[in-house]
There are 2 protein chains.
Amino acid sequence: MKKYVIGVDLGGTNTVFGVVDKEGNIVADASIKTQKYSTAEDFVKAGVECLKPLIERVGGIDTIQGIGIGAPNGNYYNGTIEFAPNLIWGHDGIVPLAKMFSEGLGGIGVKLTNDANAAAMGEMAYGVAQGMKNFIVITLGTGVGSGIVINGQLVYGCDGFAGELGHVVMVPGEEGRTCGCGRRGCLEAYCSATGMVRTAREMLQNSDEKSLLRDKPADQLEALDINIAANKGDRLALEVYERTGKMLGEACSNFTAFSSPEAYIFFGGVCHAGELIMKPIRESYDKNVMNIFKGKAKFLISGLMDKNAAVLGASALGWEV
Amino acid sequence: MKKYVIGVDLGGTNTVFGVVDKEGNIVADASIKTQKYSTAEDFVKAGVECLKPLIERVGGIDTIQGIGIGAPNGNYYNGTIEFAPNLIWGHDGIVPLAKMFSEGLGGIGVKLTNDANAAAMGEMAYGVAQGMKNFIVITLGTGVGSGIVINGQLVYGCDGFAGELGHVVMVPGEEGRTCGCGRRGCLEAYCSATGMVRTAREMLQNSDEKSLLRDKPADQLEALDINIAANKGDRLALEVYERTGKMLGEACSNFTAFSSPEAYIFFGGVCHAGELIMKPIRESYDKNVMNIFKGKAKFLISGLMDKNAAVLGASALGWEV
């Protein structure tokens, strides 16, 4: 009877709902604007109204095993979103989102985790990590997130917040870049899309080298501009990828000393650059990792970036209910 | 019938064998000199001869559930010691030690892991980590080792070598100290007993400050001298503990971003300094860890340092057989 789960990808702009079958096909989906609502109550009400016709289409609520939600600052243990800086209805408190959706849909089981963990579950269930027991997903987007799998299980830690690898300090001390987390020198401040733009701006300012990136005012520069310029062979833009990959490789060599994963799986906008970013990551990793680990870890790009990976990943959580 | 396990603590100097009951009491023990033998075969033969009377004393081999060995560079998956730099019969190859002991004792099951993982198992079974599902043991001795427990399980990674936190790079680039692993800037190069001595020597060389540590030639300085001087209030010796603790606190704040453990448990000679080392660790951690993690992790000293923790820890592995 229970043939489907629902995956919810709660993003800063859109929240996508998908009904997913056991083979990982999204058989029905719809979305709402995340920030159109000023309170969590209104957001959940709209979400429930959006979901009801989808559920009816596959035969009603009795066919649904459970709901999985991937959300920024999501806490798996508590089913809450906690102090999510980019959500107008969630930035200054704790929202019991899993409970609220469950109540809105007649008591159905709802599990919630953060977006990077959902991506890791998606890779394990339907992507390039099928069959792997130890791997790390690193999301390179506006921020740097991570989902860590050890012994076949997501790592949540004692409080539900483990896997914040974007906030490992790579440049200690005062010379480290300020980070959105309030500290300095975090991986995210250098290797997110935003961090890459900061790198490009610094390089433009510190040299007179010709570059396509000078065609735009520095404060309007976006990660996409760097990608376009690099693909045209622009030296400075290529150097941004080199530096970004170098630091990511160094970071991964430290992560390997922790959990020695079988693979690192990269996910998110920055990965569309393909070998431009992956080659310097691999080279830096090989140079920096301890001898006993050399040649062991694979470096992969997500197989789910063109599908709705976040919905699929979150939906995998629905089977746990 | 199976009422005992055997724990083996294979150290650079002594190898201690203990027969352990279900309550964690060592009911019989004995030891041999690890390096008296030039081949692994001779070492195992001597070990088996040493064990036989212990086993007889508790009622013969049928009362033994299994054997657990904690050894440097031990690989849990393969039961091997691999390229252990400090063992004359094990430094340039792979020794199938678990298999060799098993064959020497009529086919009994033998499991092997590295010494820091054995310490973590000991803490979980009999020490301060009883009941914890997520914690990290950091051993501060000649080197810096670690045993990581996540979701109640030791972390071995894809190859059996996970948990090398002594070789996370803390000082990137050329200014990092050389490390025994052949790289630069590792935590171990600063925060092991040996690393602390290097810190003291650097400080003595770079200042004219009076210090009890100047009573000895710098090349004869040992970690114990630093401890004695610090306990007498020697400013320079106290500063060595401050700097060591500061870096350990920074390292732990990064480890928390990985696995958010409930506790860090410190083990080994350096910990005999008590608050001299623990206070700067806690202060540095509180200063450096991400806001969402503040105030959560405990910082503990092993409860097993005076007992034979390594034997107890290794023996816990014997119950897995």
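Participant: Summarise the overall build of chain A; cite the residues concerned and give the values.
Facilitator: In terms of regular secondary structure, chain A is built from 9 helices and 13 strands. Rg of the C-alpha trace for chain A: 20 Å, near the compact-globule value of 20 Å for 321 residues, within the 12% margin. With respect to the three principal axes, the spread of C-alpha positions in chain A is 65 × 45 × 35 Å. Burial status across chain A gives 60% buried among its 321 residues. When contacts within chain A are restricted to residue pairs at least 6 apart in sequence, long-range pairs at least 24 apart make up 61% of them. Surface exposure of chain A reaches about 13100 Å², of which carbon and sulfur atoms provide 49%. Across chain A, the 30 positively charged side chains and the 36 negatively charged ones have centroids separated by 3 Å.

Participant: Tell me about the interface of chain A and chain B, residues and numbers included.
Facilitator: Contacts between the two partners involve 38 residues from chain A, matched on the other side by 38 residues from chain B. Of the roughly 3100 Å² buried at the junction of chain A and chain B (both faces included), carbon and sulfur atoms supply 60%. Summed over the three residues of chain A that lose the most area to chain B, namely Cys158(A), Phe258(A) and Met290(A), the buried surface amounts to 22% of that side. The tally of links from chain A across to chain B stands at 2 salt bridges. In this structure, Asp159(A) engages Lys296(B) in a salt bridge whose closest nitrogen and oxygen atoms are separated by 2.8 Å. Where chain A touches chain B, the interface holds 18 residue pairs in polar contact (both at pLDDT 80 or more). Breaking the side of chain A that touches chain B down by element, the ones donating at least two residues are strand S10 (144–150), strand S11 (153–154) and helix H7 (235–259) of chain A.

Participant: Explain the sheet that holds strand S5 (residues 74–75) of chain A residue by residue, including any values.
Facilitator: Residues and elements named next belong to chain A. Pairing in this open sheet of 3 strands is antiparallel, and the strands run S5-S6-S7 from one edge to the other. The open sheet terminates on both sides in strands that have one partner only, identified here as S5 and strand S7 (94–95). Pairing of strand S6 (residues 80–82) with S7 involves 2 bridges; the strand directions are antiparallel. Bridge assignment links Glu 82 to a residue of S7, and that residue is Ile 94.

Participant: Before we move on, can you summarise unusual backbone geometry with the specific residues and values?
Facilitator: A positive phi is found at Ser260(A), a non-glycine position, where the angle reads about 40 degrees. Among the structural elements, Ser260(A) can be located in the loop between H7 and strand S12 (263–267). Despite not being glycine, Asn151(B) has its phi angle at roughly 50 degrees, a positive value. Inspection of the secondary structure puts Asn151(B) in the loop between strand S10 (144–150) and strand S11 (153–154).

Participant: I'd like to hear about the packing of helix H3 (residues 115–126) of chain B against helix H9 (residues 309–318) of chain B, residue by residue, with values.
Facilitator: Residues and elements named next belong to chain B. Between H3 and H9, whose axes approach to 7 Å, the crossing angle comes to 85 degrees. The angle between the axes of H3 and H9 places the two elements in the roughly perpendicular class. Note on element contacts: H9 touches H3 through Ala 310, Leu 312, Gly 313, Ala 314, Ser 315, Ala 316 and Leu 317, opposite Ala 118, Met 121, Gly 122, Ala 125 and Tyr 126.

Participant: Let's hear about the packing of aromatic side chains: which residues, and what values?
Facilitator: Counted by the stated rule, this structure contains 25 aromatic pairs over all chains. Pairing Tyr264(B) with Tyr285(B) gives two aromatic rings, centres 6.0 Å apart and planes at 65 degrees, and the pair type is edge-to-face. Taken as a pair, Tyr264(B) in strand S12 (residues 263–267) and Tyr285(B) in helix H8 (residues 275–288) lie far apart in primary sequence, 21 residues in all. With relative accessibility at 1%, the residue Tyr285(B) sits in the buried group. Pairwise contacts between aromatic rings join Phe17(A), Tyr37(A), Phe43(A), Trp89(A) and Phe101(A) into one cluster.

Participant: Before we move on, can you summarise the sheet that holds strand S9 (residues 135–140) of chain B with the specific residues and values?
Facilitator: Residues and elements named next belong to chain B. With respect to topology, 5 strands assemble into an open sheet ordered S11-S10-S9-S12-S13, the strand pairing being mixed. If you trace the sheet from one side to the other, it starts and ends with S11 and strand S13 (298–301), each paired once. Note: S9 against S12, 5 bridges, orientation parallel. Looking at the pairing, Phe 135 lines up with Ala 263 of S12.

Participant: Help me get a handle on the side chain of Thr199(A), residues and values and all.
Facilitator: Residues and elements named next belong to chain A. The residue Thr 199 is located in helix H5 (residues 193–206) in this model. Looking at Thr 199, the relative accessible area reads 6%, which means it is buried. Polar contacts involving the side chain of Thr 199 include one to the side chain of Arg 177, which spans 3.0 Å.

Participant: So what about the side chain of Arg177(B)? Which residues, and what values?
Facilitator: All names here are of chain B. Inspection of the secondary structure assignment puts Arg 177 in the loop between S11 and helix H4 (188–191). In this structure the side chain of Arg 177 is engaged in a polar contact, spanning 2.9 Å, whose partner is the backbone oxygen of Ala 189. Excluding its chain neighbours within four sequence positions, the residues that come into contact with Arg 177 are Arg 183, Arg 184, Gly 185, Ala 189, Tyr 190, Gly 195, Arg 198, Thr 199 and Glu 202.

Participant: Describe the pattern of salt bridges, and please don't skip the residues or the numbers.
Facilitator: Residues and elements named next belong to chain A. Enumeration according to the criterion identifies 24 salt bridges over all chains in this entry. A salt bridge links Glu 209 to Arg 235; its shortest N-O distance comes to 3.8 Å. Of the two residues, Glu 209 sits in the loop between H5 and helix H6 (223–231) while Arg 235 sits in helix H7, which places them 26 residues apart along the sequence. Given a relative accessible area of 63%, Arg 235 falls into the exposed group.

Participant: Now, about the relation of the copies chain A and chain B: what can you tell me, with residues and values included?
Facilitator: Take chain A, turn it by 180 degrees, move it 0.0 Å along the axis, and it overlays chain B with an RMSD of 0.1 Å. What the rotation and shift describe, once combined, is the action of a two-fold rotation axis.

Participant: I'd like to hear about the environment of Glu283(A), residue by residue, with values.
Facilitator: Residue and element names in this part refer to chain A. Relative to the assigned elements, Glu 283 resides in helix H8 (residues 275–288). Exposure remark for Glu 283: the relative accessible area of 43% places this residue in the partly exposed category. Sequence separation between Glu 283 and Glu 242 is 41 residues; the distance between their C-alpha atoms is 9.9 Å.

Analysis parameters
- Residues numbered from 1 in each chain as written.
- Chains lettered and ligands numbered in written order.
- Predicted model: local features only at pLDDT ≥ 70, side-chain atom pairs only at ≥ 80, totals over all residues.
- Heavy atoms only, no water.
- Helix = DSSP H or I, 4+ residues; strand = E, 2+ residues; numbered from the N terminus.
- Rg over C-alpha atoms; globule rule 2.2 N^0.38 Å.
- Buried < 20%, exposed > 50% of the residue type's maximum accessible area, 1.4 Å probe, protein only.
- Contact = heavy atoms within 4.5 Å.
- Areas by Shrake-Rupley, 256 points an atom, 1.4 Å probe, with all protein chains shown as cover.
- Lys, Arg positive; Asp, Glu negative; His and termini not counted.
- Charge placed at Lys NZ, Arg CZ, Asp CG, Glu CD.
- Buried area = accessible area lost by both parts, 1.4 Å probe.
- Salt bridge = Lys/Arg side-chain N within 4 Å of Asp/Glu carboxyl O.
- Polar contact = N/O pair within 3.5 Å; in protein donor to acceptor, adjacent residues only side chain to side chain.
- Pairing = 2+ DSSP bridges.
- Axes fitted to C-alpha atoms, helices over the stretch in contact; angles between N-to-C directions.
- Parallel < 35°, antiparallel > 145°, perpendicular 65-115°, else oblique.
- Phe/Tyr/Trp six-rings, centres within 6.5 Å; stacked < 30°, edge-to-face > 60°.
- Least-squares fit on C-alpha atoms with pLDDT ≥ 70 in both.

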